[in-house]
Amino acid sequence: MTDTETRAERVVAAPEVPRRRRRPGGGGPRAGTIAAFLTPFFLPFVLFYLVPVGYALWQSFRVVRRSGGQYGTSYTTFGGFHQYTQVLHNTEFWSSIGRIGLFGIVQVPVMLFVALIMALLLDTPLLKIKAFFRISAFMPYAVPGVIAAIMWSYLYSPQLSPVVDLLGHLGLHPDFLGPSAVLWSTANVSTWLWTGYNMLIMYSALQAIPQELYEAAKLDGASNWAIAWRIKVPIIAPSIVLTTVFSIIGTLQLYAEPAVLRQISSNISSTFTPNMLAYTVASGNNYQQAAAISVVIALITFVLSFGFMRLTSKRAGL
């Protein structure tokens, strides 16, 4: 008997391995496991994000009508784009948008530049006690925004602030809550709060860069300055874009800091920011108008964020 015939007989005699049948629906226990892991995320996401957004959108298309004269009953009905027309013709809304736009144009670049410098300093071998400086820079982010605003309102108050008192002895009399300075005092609180958070994102990106790149650059005679600006910064550009998008979104959502400072300054009105305007309108029981303002704020946030990402992607050639 030849070797070929022997191998053929073994193949014929080998028992057939039964194939595993899939259950109807194609999911099986694996699909159930995936659903079990995703449910804790999707359930709160739907209940506390999609449902409120959908309800606000629905409310923004409704108006309050009255029947029976001045003392008649009121009812809500579909009003089309009436609420949005009111928002677009509201001068206080556009004033708040302009104010917050000026805030973002100045505060966001300053904050991100400081965060980038701090991240680069933490990544250099020349800096000692890195853990201490990293925790110290990130610590303000752990303080709630309201508490931070209360702390800074104490430092801004002319009657209570030791900083104002010290500057007064030096012949300086700054009015941190004056009409021309209150916006930048608010920006200072936001910068103090969020610089460490953005720094940590950039520093994490720096930690992912292979050390071989630095060694090769040093062999070519590159200084620490050249390595920082010609190697590190271009590589972590995506993280800088990410923090910029986060900052744009956070700027348009600004509420806690000016709302707290408003308690000690008459130069902050109830319509100082778009979110404060929406809250003030809702406090007057005009929920439909407040919903329309919120939707417009969300649309402006989306356009600015998406537009910035598209612009940076085109410049990067992506």
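For every chain, the first residue of the written sequence is number 1, and numbering continues from 1 along that sequence. Side-chain atom pairs in this predicted model are given and counted only at pLDDT of 80 or more, local residue features only at pLDDT of at least 70, and totals for whole chains, interfaces and linings cover all residues. Heavy atoms throughout the structure, all of them, feed into the side-chain values; hydrogens and water do not.

*Asks:* Looking at this structure, I do not really get the nonpolar core. What am I missing?
*Replies:* Most often, soluble globular proteins keep nonpolar side chains buried together rather than apart. We call a set of buried Ala, Val, Leu, Ile, Met, Phe, Trp, Tyr and Cys residues a nonpolar core when their side-chain atoms join them within 4.5 Å. Think of it in three bands: residues with accessible area under 20% of the maximum for their type are buried, residues over 50% are exposed, and the middle band is partly exposed, with areas taken using a 1.4 Å probe on protein chains only. Core analysis: the largest hydrophobic core is formed by 20 residues, its most contacted members being L116, A119, L120, M199, M202, L206 and I236. Per element, the largest residue contribution to this core is eight residues, and it comes from helix α4 (residues 91–123). With sequence-adjacent residues up to four places away left out, M202 is seen in contact with L112, A115, L116, A119, I236, S239, I240 and T243. Counting residues in each nonpolar core, the second largest holds 17 residues, with Y156, V182, L193 and F272 among its members. Segments assigned H or I by DSSP are reported as helices when at least four residues long, segments assigned E as strands when at least two residues long, and all are numbered from the N terminus. Any pair of residues with heavy atoms lying within 4.5 Å of one another is described as a contacting pair.

*Asks:* How should I be thinking about the pattern of salt bridges in this particular structure?
*Replies:* Here, a salt bridge means any side-chain nitrogen of Lys or Arg that lies within 4 Å of a carboxyl oxygen of Asp or Glu. Within this structure, the stated rule accounts for one salt bridge. Across the pair K232 and D123 runs a salt bridge whose closest N-O atoms are separated by 2.8 Å. With K232 in helix α10 (residues 224–235) and D123 in helix α4, this residue pair connects regions lying 109 residues apart in the sequence. In this pair, the class of K232 matches that of D123, namely buried.

*Asks:* Help me understand α4, please; the structure alone is not making it clear to me.
*Replies:* For an α-helix the count is 3.6 residues per turn, leaving residues at separations of three or four pointing the same way. Spanning 33 residues, α4 covers 47 Å between terminal C-alpha atoms, matching the ideal 48 Å at 1.5 Å per step. By definition, a residue's bend is the angle between the axes fitted to the seven residues ending there and the seven starting there. At G104, α4 shows its strongest bend, of approximately 25°. Polar contacts, as counted here, are pairs of nitrogen or oxygen atoms within 3.5 Å of one another; within protein the pair requires one atom able to donate a hydrogen and one able to accept it, and residues that are adjacent in sequence qualify only if both atoms are side-chain atoms. Between the side-chain oxygen of the N-cap and the backbone nitrogen of E92 there are 3.0 Å, and the N-cap of α4 in question is N90. A helix is expected to reach a length of 1.5 Å times the quantity of its residues less one.

*Asks:* Just checking my understanding: could you explain the confidence of the model for the protein chain for this structure?
*Replies:* For residues with low pLDDT, the predicted coordinates do not support detailed interpretation. Per-residue confidence from the prediction method is given by pLDDT, with values spanning 0 to 100. When pLDDT is averaged across the protein chain, the result is 86; 88% of the residues are at 70 or more. Here helix α1 (residues 3–13) stands out as the element of the protein chain with the lowest mean pLDDT, 50, in contrast to helix α13 (residues 274–283), whose mean of 95 is the highest.

*Asks:* Help me understand the side chain of S239 in this model?
*Replies:* Take S239: it is sitting in helix α11 (residues 237–252). Under the relative-accessibility criterion, S239 is labelled buried at 9%. Apart from the residues lying within four places of it in its own chain, the contact partners of S239 are I201, M202 and A205.

*Asks:* Mind showing me how you'd approach the environment of F272 here?
*Replies:* Along the polypeptide, F272 turns up in the loop between α12 (256–261) and α13. When the C-alpha positions of F272 and P258 are compared, they lie 7.6 Å apart, and in sequence the two are 14 residues distant. Filtering out sequence-adjacent residues up to four positions away, F272 remains in contact with S96, R99, V182, L183, P258 and N267.

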